[in-house]
Amino acid sequence: MKLIKITAIWCSACLIMNKRWHNIQDKFNIETISYDLDMNEEEVEKYNVGDTLPVFLFLKEEKEIGRLIGEHTEEEIISYMKGIGINEKTN
């Protein structure tokens, strides 16, 4: 399982979502790759990202299974992930 985060330095919602992801990422067994929209234009172009940031792309076996766009609460992120079959780690 992989998360591709597409953000930008100038994007305030991106800063908020980065902090929220940082707070919950240890709950999941998911590899995270981050791209800055302005610094990684060629790479970001592959993912067909529109004008709204941030974009969180969830991939399973390199295929997109979900896309979260814009600002969301930690609870919304977790709920969305569970809804697409990404469950929290078990101890």
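Refer to the structure presented above.
Not measured: the values here are computed from a predicted model.

Rules of the game
Residues numbered from 1 in each chain as written. Predicted model: local features only at pLDDT ≥ 70, side-chain atom pairs only at ≥ 80, totals over all residues. Heavy atoms only, no water. Pairing = 2+ DSSP bridges. Helix = DSSP H or I, 4+ residues; strand = E, 2+ residues; numbered from the N terminus. Axes fitted to C-alpha atoms, helices over the stretch in contact; angles between N-to-C directions. Contact = heavy atoms within 4.5 Å. Buried < 20%, exposed > 50% of the residue type's maximum accessible area, 1.4 Å probe, protein only. Arc of directions from axis to C-beta. Expected span 1.5 Å × (residues − 1). Core = buried A, V, L, I, M, F, W, Y, C linked by side-chain atoms within 4.5 Å.

Caption draft 1: Fine view of the sheet that holds strand 4 (residues 63–69). Read from one edge to the other, the open sheet built from four strands follows the order 2-1-3-4, with strand pairing classed as mixed. Strands with a single pairing partner mark the edges of an open sheet, and in this sheet they are strand 2 (31–36) and strand 4. Taken pair by pair, the neighbouring strands of this sheet meet at an average axis angle of 20°, ignoring direction. The pairing of strand 1 (residues 2–7) with strand 3 (residues 55–60) spans five bridges and is antiparallel. Within the sheet, the bridge partner assigned to Leu3 lies in strand 3 and is Phe58. Sitting on the sheet, helix 1 (residues 12–24) is in contact with strand 1, strand 2, strand 3 and strand 4, with an inclination near 155° to strand 1. Against the sheet, helix 3 (residues 74–83) engages strand 3 and strand 4, with an angle of about 155° to strand 4.

Caption draft 2: Structural detail: helix 3. Of all the residues in helix 3, the buried ones are Ile77, Ile78 and Met81. Buried residues along helix 3 cover an arc of 95° about the axis, so they all sit on one side. For helix 3, the exposed residues lying more than 90 degrees away from the buried face are Glu75 and Gly83. In this structure, the buried residues of helix 3 make contact with helix 1, strand 3 and strand 4. Looking one or two places after helix 3, you find Gly85, whose phi comes out positive at around 90°.

Caption draft 3: Expanded view of helix 1. Relative to the 18 Å expected for 13 residues at 1.5 Å per residue, helix 1 spans 19 Å between its end C-alpha atoms, a close match to the ideal helical length. What helix 1 keeps buried is the set Ala13, Cys14, Met17, Trp21 and Ile24. Taken down its axis, helix 1 places every buried residue within 95° of arc, on the same side. Seen from the open side of helix 1, the exposed residues pointing more than 90 degrees away from its buried face are Ser12, Leu15, Lys19 and His22. On its buried face, helix 1 is in contact with strand 1, strand 2, strand 3, strand 4 and helix 3.

Caption draft 4: Just the nonpolar core, in detail. Among the nonpolar cores identified, the biggest contains 14 residues, and Ile4, Ile6, Tyr47, Val49, Leu53 and Leu57 are the most heavily contacted of them. Of all the secondary-structure elements, those providing two or more residues to this core are strand 1, helix 1 and strand 3. The element that contributes the greatest number of residues to this core is strand 3, accounting for three residues. Among all residues touching Leu53, those that are not within four sequence positions of it are Ile6, Thr7, Ala8, Trp10, Cys11, Ala13, Cys14, Leu37 and Gly70. Among the nonpolar cores identified, the runner-up in size contains 13 residues, and Ile24, Ile30, Leu68 and Ile78 belong to it.

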